[in-house]
Amino acid sequence: MSSTANATRTDGSAPGSPKTARGARTRARILKAAEEAFGTTGFHGTGIADITRAAGVALGSFYTYFGGKEDVLRELVQHMGRQLRAHLEAETAGAGDRLQAEELGLRAFLQYLCANPALYRVLQQAQFVDETIYRDYYQAFGERYLEMLASAAGNGEISPGNNEVRVWALMGMSNFLGIRYALWNRDVPVDEIVATVSSLLRSGLSPQASGGEA
């Protein structure tokens, strides 16, 4: 579990947010260095000294903002999640309805994951370091996603139903599409993936949807 609650700085206070712009830049460099180290060497293969060396900061600077390695992992996962959510919301802002937003969002997600593969590498490690970090990442996505689906259902853009179940089904689908087609093997064009999922969302799997017989 995270050591934040027990960690203190030399002045007796707890690690926290930077108070200056310079401090914010230092903290950001530490997070970036941790992302690269965890994404390549792995959490257990990375020491705090490795992170500070890569960030170009003193060891004491690390403890100014983080209580330990698990704390920087937690903040890194939260930071990466915020970045991804902001990116997806920006990419779907011009959608005409929820179904189009799903198409735009999936495309943006796959492209983002191709460009930022460390996201999943770090996230998967978090599951085994402290499961709450892993769960909180998906819970944060689910809460925002639920708001959007509920709004779309209220506006008549999608059919009524259990939107919480839908949220987790949609996140699960995107998750494994990302693993298979963005991380493991990029052998299917993104356009084809999006078109296939779009057909699934709009028409379902029933043969009646395409004019066939049940």
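Residues numbered from 1 in each chain as written. Predicted model: local features only at pLDDT ≥ 70, side-chain atom pairs only at ≥ 80, totals over all residues. Heavy atoms only, no water.

Peer 1: Honestly, the layout of surface pockets in this entry has me stumped. Any pointers?
Peer 2: Where empty space is left becomes clear once a probe the size of a water molecule has been rolled over the atoms. By volume, the largest pocket amounts to about 240 Å³. Surrounding the largest pocket, R98, L99, E102, L149, I158, S159, R166, A169, L170, M173 and L201 form its lining. Going through the elements one at a time, α5 (98-115) and α8 (163-184) are the ones with two or more residues in the lining of the largest pocket. The greatest single-element share of the lining of the largest pocket, amounting to four residues, is contributed by α8. Taken as a whole, the second largest pocket holds about 180 Å³ of empty space. Considering each element in turn, the lining of the second largest pocket owes the most residues, four residues, to helix α7 (residues 131-154). (1 Å grid on protein atoms, 1.4 Å probe; cavity = no way out; pocket = protein on both sides within 12 Å on 5 of 7 lines; lining within 4 Å. Points joined across faces, edges and corners; volume = space filled by probe spheres on them. Helix = DSSP H or I, 4+ residues; strand = E, 2+ residues; numbered from the N terminus.)

Peer 1: Would you mind going over helix α6 (residues 118-129) with me for this structure?
Peer 2: Residue pairs spaced three or four apart in an α-helix point in one direction, given the helix's 3.6 residues per turn. Its twelve residues place the ends of α6 16 Å apart at the C-alpha level, agreeing with the 16 Å of an ideal helix rising 1.5 Å per residue. Looking only at α6, the buried set comprises A118, L119, Y120, V122, L123, A126 and V129. (Expected span 1.5 Å × (residues − 1). Buried < 20%, exposed > 50% of the residue type's maximum accessible area, 1.4 Å probe, protein only.)

Peer 1: Would you mind showing me how to read the nonpolar core here?
Peer 2: Soluble, globular proteins show a tendency: their nonpolar side chains are buried together. Formed by 50 residues in total, the largest nonpolar core has its most connected members in I30, F38, V72 and L73. In terms of residue count, α7 provides more of this core than any other element does, eight residues in total. Counting the residues that make up this core, at least three belong to each of domain 1 (21-67) and domain 2 (68-203). Apart from residues lying up to four places away in sequence, F38 is in contact with F43, T46, I51, K69, V72, L73, L76, V122 and Q125. (Core = buried A, V, L, I, M, F, W, Y, C linked by side-chain atoms within 4.5 Å. Domains from an automatic or database assignment. Contact = heavy atoms within 4.5 Å.)

Peer 1: Explanation requested: α8 in the structure shown.
Peer 2: Over its 22 residues, α8 extends 30 Å from the first C-alpha to the last, a length consistent with the 32 Å expected when each residue adds 1.5 Å. At G178, α8 is bent by approximately 30°, the largest bend along its length. Those residues of α8 lying buried are N163, V167, L170, M171, N175, L177, G178, I179 and A182. Elements that come into contact with the buried residues of α8 comprise α5, α6, α7 and α9 (190-203). Measuring from the side-chain oxygen of the N-cap residue of α8 to the backbone nitrogen of E164 gives 3.2 Å; that N-cap residue is N162. (Bend = angle between axes of the 7 residues up to and from the residue. Polar contact = N/O pair within 3.5 Å; in protein donor to acceptor, adjacent residues only side chain to side chain.)

Peer 1: Hey, could you run me through empty space enclosed by the protein in this one?
Peer 2: One pass over the structure, following the stated rule, counts two cavities of 30 Å³ or more. Contributing to the lining of the largest cavity are 26 residues, with L88, F141, Y145, M171 and S174 lying nearest its centre. Contributing elements (two or more residues each) for the lining of the largest cavity: α4 (69-92), α5, α7, α8 and α9. Space inside the second largest cavity adds up to approximately 30 Å³. In this structure, the second largest cavity is lined by E102, E103, L106, V194, V197, S198 and L201. When residues of the lining of the second largest cavity are traced back to their parent elements, those giving at least two are α5 and α9. For the lining of the second largest cavity, the element with the most residues is α9, which contributes four residues. Of the residues in the lining of the second largest cavity, the class split is four nonpolar, one polar and two charged. (Nonpolar A, V, L, I, M, F, W, Y, C, P; charged D, E, K, R; others polar.)

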